[in-house]
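In case you want the letters, here they are:
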Amino acid sequence: MPLPGGLWHNDQCYREFGFRPLTGAVELAVSEASQFVGTRPEAVTDLLQASLGHLGGLEPDTVLIDTLSVGDRHFLTTRLFAWLGKDEAWFTVDCQACNAHFDFPLRFSSLPVKPAGPSYPFCETILGAGTFKWRVPNGADQKVLALLPENADTVRVLLQHCLVEGKTAAGGVALDRLIADLTDLEIAQVEAALEGQAPEVATLAQATCPGCFRVNMIQIDPFLYLNAPFQGISTDVHRIASVYHWSEAEILSLPSQRRQRYLDLIDRERGATTPP
Ligand SMILES: [Zn+2]
């Protein structure tokens, strides 16, 4: 499945993408990127840079990854799991009706995806002061918002970043002044127009309680589940190094499946030589 929105770069939309071949080094880079150093949007960019092989055939550097819309970034984060062979995760739910504690399996790749609108990544609105063209929020905008003080007017700051051009009847009015003067109703109108074009991945999933059959809505944050798959990588390196005496870099450069085959061989050998 291509990107639900696409990378807008040099007046073209690139929707194809590919992850890198999976090796221990890539797993380690992904693991390090998901450790929450810095802000969340920075971590998502690092994570995608560690894992993506290409974006529309282009080298996925920080600038391109930050140019991806928020929905595309979210989409790629959910697709990471299938690439890692860990698409299914278990969530623990406390039933809102009967308080029962139950486990619920979810495939990240099964989360519904809303595709981008026809004028993506742009939309136009006619407001009191004139006609405005906007682009849907991207990773670079998220990075700016993440660093704002708590009392900042995040919506207007975001709109300032997403404003592409404005034609006013009066002419010659500073665009930042225009944004400051937008009414709440106009802001809601712009937000609705942007949402109409922006791609989106569902963040809620339905989990039916096995006790009382109540359908619980659970919040899915794929980012929180990214650490778990890599906890064993240092142990893997240690086990292979102790038997084969290869360097860490050599072991990490192995494709992940081959690393697993060596681990299986070590286990088999140990099993064969263990006294009864
Ligand atoms: Zn229940």
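Since the model is a prediction, treat every value here as computed from it, not as a measurement. The residue count restarts for each chain, going from 1 along the sequence in the order it is written. Reporting of local features is limited, given that this is a predicted model, to residues whose pLDDT is at least 70; pairs of side-chain atoms are given and counted only at 80 or more, and all residues count toward the totals for whole chains, interfaces and linings. Each side-chain value is derived from all of the structure's non-hydrogen atoms; neither hydrogens nor water enter the calculation.

1. Some details on the sheet that holds strand 8 (residues 122-127)
Next, step 1: At least two bridges found by DSSP between two strands is the condition for calling them paired. Numbered from the N terminus, helices here are DSSP runs of H or I no shorter than four residues, and strands are runs of E no shorter than two. The strand order across the open sheet formed by three strands is 8-9-10, and the pairing between neighbours is antiparallel. Pairing within the sheet leaves two strands with one partner each, and these edge strands are strand 8 and strand 10 (163-168). Strand after strand, the sheet turns through a mean of 15 degrees between neighbouring axes, direction not considered.
Next, step 2: When strand 9 (residues 130-135) meets strand 10, the two strands line up antiparallel, connected through five bridges. By the bridge assignment, K133 is partnered in strand 10 with E165. Convention adopted: a line fitted to C-alpha atoms gives each axis, helices being fitted over their contacting stretch, and angles between N-to-C directions are expressed from 0 to 180 degrees.

2. A closer look at the pairing of strand 12 (residues 204-208)
Next, step 1: Only one face of strand 12 is buried: it carries A205 and A207, and the other face, with L204, Q206 and T208, is open.
Next, step 2: Direction of pairing for strand 12 relative to strand 13 (residues 215-219): antiparallel, over a ladder of five bridges. Bridge assignment links L204 to a residue of strand 13, and that residue is Q219. To sort residues, take the accessible area from a 1.4 Å probe on protein chains only and compare it with the maximum for the residue type: under 20% means buried, over 50% means exposed, and anything in between is partly exposed.

3. Quick look at the coordination of the zinc ion
Next, step 1: With distances of 2.3 Å, the protein atoms coordinating the zinc ion are C95 (SG), C98 (SG), C209 (SG) and C212 (SG).
Next, step 2: Metal-centred angles of 103 to 113 degrees between the four donor atoms at the zinc ion mark the site as tetrahedral.
Next, step 3: Coordination shells were defined by N, O and S atoms within 2.8 Å of each metal, extended to 3.2 Å for Na, K and Ca; water is absent from the atom set, which can make sites look incomplete. In terms of primary sequence, the donors binding the zinc ion are separated according to C-x2-C-x110-C-x2-C. In this pair, C98 is assigned in the loop between strand 5 (88-94) and strand 6 (101-107) and C209 in the loop between strand 12 and strand 13, connecting sequence segments 111 residues apart. A four-donor site is classed as tetrahedral when every donor-metal-donor angle falls between 85 and 135 degrees; four donors are called square planar, and six octahedral, when trans pairs exceed 155 degrees and all remaining angles lie between 65 and 115, with any other arrangement labelled irregular.

4. Re a nonpolar patch on the surface
Next, step 1: Patches draw on residues past 30% relative accessible area with no salt bridge. Two like charges within 9 Å are joined, as are two nonpolar side chains (Val, Leu, Ile, Met, Phe, Trp, Tyr) within 5 Å. Using a 1.4 Å probe, accessible areas were evaluated by the Shrake-Rupley method; residue-level cover was limited to the displayed protein chains. Here, a salt bridge means any Lys or Arg side-chain nitrogen found within 4 Å of an Asp or Glu carboxyl oxygen. Side chains of L204, V215 and M217 sit close together on the surface and give an oily, nonpolar patch of about 240 Å² of accessible area.
Next, step 2: For V215, a relative accessible area of 39% puts it in the partly exposed group.

5. Looking at the domain arrangement of the protein chain
Next, step 1: The domain limits used here are those given by an automatic or database domain assignment. Domain boundaries in the protein chain define domain 1 (7-115 + 201-228), domain 2 (122-198) and domain 3 (232-270).
Next, step 2: Here the C-alpha centre of domain 3 lies 27 Å away from the C-alpha centre of domain 1.
Next, step 3: The contact rule is simple, with two residues in contact once any of their heavy atoms fall within 4.5 Å. Contacts between the two partners involve six residues from domain 1 and, on the opposite side, seven residues from domain 3.
Next, step 4: Across the domain 1 to domain 3 interface the summed buried area is about 540 Å²; carbon plus sulfur atoms make up 58%.
Next, step 5: As a working definition, buried area equals the accessible area (1.4 Å probe) given up by two parts on being put together, with both sides summed. For domain 1, the biggest contributors to the area lost against domain 3 are G24, E27 and L28; these three give 60% of the whole.
Next, step 6: Run the count over domain 1 and domain 3 and you get one salt bridge.
Next, step 7: R259 serves as the salt-bridge partner of E27, at 3.3 Å between the closest nitrogen and oxygen.

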